[in-house]
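Residue-level structural notes
Residues per chain, in single letters:
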Amino acid sequence: MTQSRSTRGLQTRIVRPEDQITPGFEAFTVPVTRASTVVFPDLAAMRACDWRNDGQWRYGLHATPTSLALAQRLAVIEGGNHALLQPSGLSAISNVYFGLVKAGDDVLIPDNVYSPNREFGDWLARDFGVTARYYEPMIGAGIAELIQPNTRLIWLEAPGSVTMEVPDVRAITTAARARNVVTAIDNTWSAGLAFRPFEHGVDISLQALTKYQSGGGDVLMGATITVDRELHLKLKSARMRMGIGVSSDDCSLILRSLPSMQVRFAQHDRSALALAKWLKTRPEIATVLHPALPDCPGHEFFERDFTGAGGLFSVVFDGRYTPAQVDTFCEALALFSIGWSWGGAQSLVVPYDIASMRTAAQWPHRGTLVRFYIGLEEEDDLRADMEQGLAKLASAA
Ligand SMILES: Cc1ncc(COP(=O)(O)O)c(C=O)c1O
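As the structure is a computational prediction, the values presented were derived from the model and not from experiment.

Structural notes on the overall build of the protein chain
Looking only at helices and strands, one finds 11 helices and 12 strands in the protein chain. Taken over C-alpha atoms, the radius of gyration comes to 24 Å for the protein chain, in line with the 21 Å a tight globule of 397 residues would show. By principal-axis analysis of the C-alpha atoms, the protein chain measures approximately 90 × 50 × 35 Å. Burial statistics for the protein chain: of 397 residues in total, 44% are counted as buried. By sequence separation, contacts in the protein chain at least 24 residues apart represent 73% of the contacts at least 6 residues apart.

Regarding the domain arrangement of the protein chain
Along its sequence, the protein chain is organised into domain 1 (43-47 + 55-255) and domain 2 (261-396). Put simply, the middle of domain 1 and the middle of domain 2, counted by C-alpha atoms, are 26 Å apart. Opposite the 31 residues of domain 1 that make contact, domain 2 presents 35 residues. A class-by-class count of the residues in the side of domain 1 that touches domain 2 yields 15 nonpolar, 11 polar and five charged.

A look at the sheet that holds strand β6 (residues 204-208)
In spatial order, the strands read β1-β7-β6-β5-β4-β2-β3; together these seven strands make up an open sheet with mixed pairing. In this open sheet, the two edge strands, each paired with only one partner strand, are β1 (82-86) and β3 (131-135). Adjacent strand axes in the sheet meet at a mean angle of 20°, parallel and antiparallel pairs treated alike. Of the strand pairs in this sheet, strand β5 (residues 182-186) and β6 are connected by three bridges, and their pairing is parallel. Its bridge partner being in β6, Asp-186 is matched across the sheet by Leu-206. Its contacts with the sheet put helix α3 (residues 65-78) on β1, β6 and β7 (222-226), and the angle it makes with β1 is roughly 125°.

Considering the packing of helix α4 (residues 89-100) against helix α5 (residues 115-127)
Two elements in contact, α4 and α5, have axes whose closest approach is 10 Å; the angle formed by their N-to-C orientations is 30°. Viewed along their axes, α4 and α5 form a crossing whose handedness is right-handed. Residues Leu-90, Ile-93, Ser-94 and Tyr-97 of α4 touch α5, and the partners they reach there are Pro-116, Asn-117, Phe-120 and Leu-124. For the contact of α4 with α5, a count of residues per class yields six nonpolar, two polar and no charged.

A look at the packing of helix α10 (residues 323-332) against helix α11 (residues 379-396)
It is at 8 Å that the axes of α10 and α11 come closest, and there the two elements cross at 150°. For the element pair α10 / α11, the angle class is roughly antiparallel. Crossing angle aside, the handedness with which α10 passes α11 is right-handed. Of α11, the residues touching α10 (which contributes Gln-325, Thr-328, Phe-329 and Ala-332) are Gln-388, Gly-389, Leu-390, Lys-392, Leu-393 and Ala-396. Class assignment of the residues belonging to the contact of α10 with α11 gives a composition of five nonpolar, four polar and one charged.

Quick notes on helix α6 (residues 169-178)
Of the residues making up α6, those classed as buried are Val-169, Ile-172, Thr-173, Ala-175 and Ala-176. Buried residues of α6, seen end-on, are gathered within an arc of 160° and therefore sit on one face of the element. Next to the buried residues of α6 lie β4 (151-157), β5 and α9 (299-305). Asn-180 sits one or two positions beyond α6 and adopts a positive phi of about 60°.

Rules behind the numbers
Residues numbered from 1 in each chain as written. Predicted model: local features only at pLDDT ≥ 70, side-chain atom pairs only at ≥ 80, totals over all residues. Helix = DSSP H or I, 4+ residues; strand = E, 2+ residues; numbered from the N terminus. Rg over C-alpha atoms; globule rule 2.2 N^0.38 Å. Buried ≥ 20, exposed ≤ 12 C-beta atoms within 10 Å, placed from the backbone. Contact = placed C-beta atoms within 7 Å. Domains from an automatic or database assignment. Nonpolar A, V, L, I, M, F, W, Y, C, P; charged D, E, K, R; others polar. Pairing = 2+ DSSP bridges. Axes fitted to C-alpha atoms, helices over the stretch in contact; angles between N-to-C directions. Left-handed = near helix turned anticlockwise from the far one by under 90°. Parallel < 35°, antiparallel > 145°, perpendicular 65-115°, else oblique. Arc of directions from axis to C-beta.

Encoded structure:
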């Protein structure tokens, strides 16, 4: 016999409160729904719950209304049908590998790829019986010659987020589709705003939401976005097997930032392009690697395929400056902090030793590469800061 509620002990009434949240509360915000256990009205509903359907709640690890709201918005931004959230951009990368690649398979990776992706490929090759081969990012249709019968996955990054080459995405995806090979692009640089990968034949778009989507430098998250449901389910199944999920609190932080992302991106883009053009006039700088400027390899593909650039670009210092002198410049900057990642409000700077990172291609530049992320500070203040940093470089020389 069911016990009447009022006769239950206090502890039971605290654990299972009898109050009902007032329905009909409407707001622009998505509530934060935290849960591990999701309860079903009856066993029939529990048994009918299918993990493949995104809107069927099964267990908090897999999805909550908060995480699904974020996933759906990301799919809309990118022009896809499905998005799968991951606790970091790198875990979205590793999930693509785990979802699609097995021992005996081959993977093609651009030589300029985000280096932890490269390290992941090397790890699979060393310990898991997969071959990982690196291709010259400007290879274009020539990728066809590298595709083998066991090639399962081709990575792209557009542009390479340090050396900034913009690949001919359409040429690579056309060759891949002709041989039934899945393509995955790290589309983080464009935030999914300035480049629409599915219109260029890409199968999986990957975002490190840690960057522009978060916008605050305070959340780590990643996502893969797909048009094809079967592909989404392969990735979803891999994520489920590995016990990976995201917190609704983190999702709500990103949901809060998404409405301002496009406006922020446009502002980063304006300041970054202006500063890149100014750096091009400076005698200390040999080359400006900004996809919107002609010195950047693949500039023609940027012009053809992209609608904007955001805040991230690189320069190569004149070869007469030693790496130590370029370090002096970086450390002299007051408004550029030294640190990885990007997408927040604050400007960042990092010098790179590119020659030691490349294998497939000869790095053509002699000087040191420095990557800038242009934040939301005033453009004039950033220019003045760079100017005083360059003056220190000259005196250090
Ligand atoms: C191009 C690119 N992809 C992916 C990632 C990984 O993102 P996360 O830091 O969220 O793992 C990064 C991080 O810097 C990145 O630069």
